Each structure stands twice: as C-alpha cells, then as structure tokens.
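Chain by chain, the residues run as shown.
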Amino acid sequence: MSSEFRNFLELSYEELEDLNLQAKDQRKKRVAADVIQEERLKYLADTPGIKAVTVLFSDLEGRLHMLDYDKKFLIKSYDNLTFDGSSIRGFTAQRESDLRLGLDWSAFYWTPADVFGSGKVLVFGEVIDKNGEHYSGDLRGVLKSFATEQFEKNGYTLNAANEIEGFLFDGIDAERTFHETGKFEYVNQGGYYHSLPGDPLREFIDTTAEVQRAMGFENEKDHPEVAPSQFEINYSYGDVVAAADQIQLYKLICRQVATQMGMTASFLPKPVTGVNGSGMHTNVSITNKSGKNLFWDPKGEEKVSKFAWGFVDKILTHGNDICLLLNASVNAYRRLDPHFEAPNQIKASATDRGSMVRIPIGNEKSARVEVRSVGPDANPYMVLYSVFKSGLQGNTSKIKNLRQAERYLPDNIYTALEDFRNAEWTSELLGEDVKARYADLKQASADRCARLLGTIVKPSEIQFHHDVYNQLLWGQF
C-alpha cells in the first residue's frame, strides 16, 4: 500500500535515544507514578503521529505477549484494559478468565520505526486480578512489589546486569521448523571475538546494537561468542525491574532484527551439542539510599563485603531448590555440562567458571555477585526475584565448607522438578498455587520429551519449548 497519505511518527535514532534516556532517568530517580502517568498521557494526546500503543506483559514461563491498543481508545480507557487470562499458559482457568492490564508508565519506550513499525510506542503492563490486586502469576508484579518493599523498609536498591548469549541461525522460524529439518544451520564459523566486518553475524550484531542504543540500553560491548554463530551484546546495569524488562526487550529486538535479515535468533540454552551453550550470567548488587555499593569492601575476602558473602551463602544453600527457576526447560540441562565451561557446581569462586556463583574482579562501583547457572530462556522476572529473595531472605545451610562443597546442580529436568516440588523455600517464594502451576507446566513439557537427553538435540525438546510453543505444534504430540 502507498504511504503517501500516512503521517505516522518516525524519529531518528538519535532522537529516540534522547527520549528513552530521559525516561530511564525518571525511572532511576523514582519520579512519582502519577506525575509520569500525567506526562505520558499528555504526550500521547499531543502527538498526532502516534496511532497505537503496544502493551507488553509476560506469562508464568516468561514468554512475552503484546497487545496493540488504538491510542485514542487507550487514553480514554487505560484504567480498564481487560483481557482473557485463560488463553495465557499458566494464568487463570477458563471459569475465572478476566484479568486487567495496568500500565507501568515509567516503563515506556520509543521504538525505531524501521524495526517496530511507524507510529508506535511500547509500555510494559502489570497484570491485575478481578479483585484489583496484583495477579500472583505475573512475576513482574511480584518482583516489583519485592523491590519496592526492600527500598521502603531497608533503603535497598536492587541492581542487575545480564549477559545474554544467543545463536543466529539461517532461515526464518528455524526453531519452529526444527521438528521437520532436525538441524540448525550456522551463518558464521568465526568463533570467539572473531567475525569479519560485513558477514551476517557481524551485521546482525551491529544492527541489534544500534536498536538497543536507540532504546536507551547504554551499550557496553558486543562480540561473537565461543561457538559458531553465537553472539553476546552487553549493556549497563539497572534497577531490578528495569533490568528484567530490558532482557525481554533484548530478546525481542534480536528476534525482530534476525527475522528482517532472513535468520533466526535463538535463546535455547543448548541448541547444538558439541559446542558451548548459551547462558544468561546474572550480575547483581545492592546499593543503599546514598548510592553506596553494599557488596564492596576493599578489605573483605575477594574485596566483597560480609553482607555479599552472606548473600552468596544463601543462594548456594537454595541452589537445588531454585534450579528449575533458573534453568526452566528440558534443553537447559544440556548446557549444565562441565566439558563446556558449564556452571553446574554449587559453589562460589573468584576464578572457577564452573561454579554456580562467581565473584568477578570489581571496585567500589562494580563489585557484584555473578550467578552463572541461568539459561537465557528462563523468565527474567522469576530469575531476579528468586536470586534476590533467596540472597536476602533465604536460609544458610550448615553444610561444612558450603562455598566449596562437592555439590552439583541436576543434569536433567526431572530431578530439578523433584527438588523444586519438595523444597519448602519455593513455596515461600511463589506461594503454593503459583508453585504448583509452574511445576505442572514444566512437567507437561518434560513428559513430551525423552527422559534421557542423549547426545543429540531431539525435536521434542525444541517443539515443546516455551519460547517456541504454539497450539499447533503442541497439538502434534
């Protein structure tokens, strides 16, 4: 169709970056919600080039969902956006299907027109139940409530930065067609830090980095990873909810850019055996109201504080309990293989990359704890909630030499499920209802896959993966 009659908003990448960084700064400074809401509604009303607002939310497994609302409708009805929760896996039953979307106006993004379409903006939603309370199955709301509580009670700001690895494969929808082809095709054979300018992987990384920069990500570095066609695009840390939102946006941007280039960005933890898998190394720290990093101590062991080590001890204590939250798919347990730098040992180390928790070299600003045993397909809100709540409020085991004990994470989802179901701590984390629903979803996927992983990736572990899932594929079981 001709576009000569259309006049939808299209901003330069430089303008987008300025707007998104301003919004990010408001969020960082905790500008009052009603002030931001008024500002955003006025902006929408005063900007004729905007036709629709895309509202994003995530289901229990972390799958991202999007609804487009006409701008004029949204301005009038933003406080009553209902949707059918029974159609979302892990949400309500059909008999109690009505849910509502509240808008988190602080999580508002301007998007590049050439990637997301012209005349659109994004905003993250919060799922509200029929009683007007935050819906218990919306882990974004659970994480946000926990972070707010920690700030109000203790003055803590929870910070996170995630290093998210992925693969770039030839062809569109390579994951959805894997059960027919039985293989993934690399687009690049270069390996770690090695990619010629202009090759498909480098062009993908460059384009994705440009989009991230325009959306206020504040990029740090990007590069090909160890395995062929593998990538990592790093950006700066943020408060915990913003960090989790950025994980969802990162994956969305990667998939969209790859699709436009005729390829597939995959965040399966181990799509190809025999080469390194993909992780989502999760770096966390806590600052007080004056901005002091509470994990830093120049005189402490590995130059981190006793508070940080206490945080680490609690995570190690609950390592097996929360493994299913950090490694959420059948395929994720292929990655926990010690032959490929896999972090499957429940211990802490400054140097051993096979450890579940690593203490990176840091300074007063960057001192942090890195949880390495996280798959890139896990629900980011669930990951950060379980890491921070376990580290702050969990128990400390009396196991002798806890930080270096010979303990290992499960090497299959069935053991992880058993540990998760039997743990009292996961009931405290999620509540019995959400815990049971999450376990049932994971059990359903596991039961459709071979119990023994074997040496080749099976079509079923891709076909029934929560990032790939649709009703058509699931119905082919």
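In what follows, the accompanying structure is described. Throughout this description, residue numbers start from 1 for each chain and increase along the sequence as written. Side-chain atom pairs in this predicted model are given and counted only at pLDDT of 80 or more, local residue features only at pLDDT of at least 70, and totals for whole chains, interfaces and linings cover all residues. The side-chain quantities take in all heavy atoms of the structure and omit both hydrogens and water.

Section: the sheet that holds strand β1 (residues 52-58)
Within a sheet, neighbouring strands are paired by backbone hydrogen bonds and run either parallel or antiparallel to one another.
Here's step 1: Any two strands are treated as partners once DSSP identifies two or more bridges connecting them. Every helix listed is a DSSP run of H or I at least four residues long, and every strand listed is a run of E at least two residues long, numbered separately from the N terminus. Spatially, 5 strands are ordered β2-β1-β5-β4-β3 in an open sheet, and the strand pairing comes out mixed. The open sheet has two edge strands, β2 (64-70) and β3 (81-84), and neither has a second partner. Taken pair by pair, the neighbouring strands of this sheet meet at an average axis angle of 40 degrees, ignoring direction.
Here's step 2: Pairing analysis gives 4 bridges linking β3 to strand β4 (residues 98-110), with the strands arranged antiparallel. Looking at the pairing, T82 lines up with R100 of β4.
Here's step 3: Should any heavy atoms of two residues lie within 4.5 Å, those residues are counted as being in contact. Think of each axis as a best-fit line through the C-alpha atoms, taken over the contacting stretch in the case of a helix, with angles from 0 to 180 degrees between the N-to-C directions. Along the sheet face, helix α2 (residues 33-46) touches β1, β4 and β5 (120-128) and points at about 80 degrees away from the line of β4.

Here we look at the pattern of salt bridges
Here's step 1: Here, a salt bridge means any Lys or Arg side-chain nitrogen found within 4 Å of an Asp or Glu carboxyl oxygen. Evaluation of the coordinates by the stated rule reveals 25 salt bridges.
Here's step 2: Two residues, R403 and D313, come together in a salt bridge whose shortest N-O distance is 2.8 Å. One end of the pair, R403, is in the loop between α12 (380-393) and α13 (413-422); the other, D313, is in helix α9 (residues 306-317), with 90 residues separating them in the sequence.
Here's step 3: Only protein chains enter the accessibility calculation, which uses a 1.4 Å probe. A residue is then buried if its area is under 20% of the maximum for its type, exposed if over 50%, and partly exposed in between. Overall, R403 belongs to the partly exposed group, its relative accessible area being 24%.
Here's step 4: Residue classification places D313 among the buried positions, given a relative accessible area of 12%.
Here's step 5: Put simply, R27, D104, E126, R140, K144 and D245 are held in one network by salt bridges that share partners.

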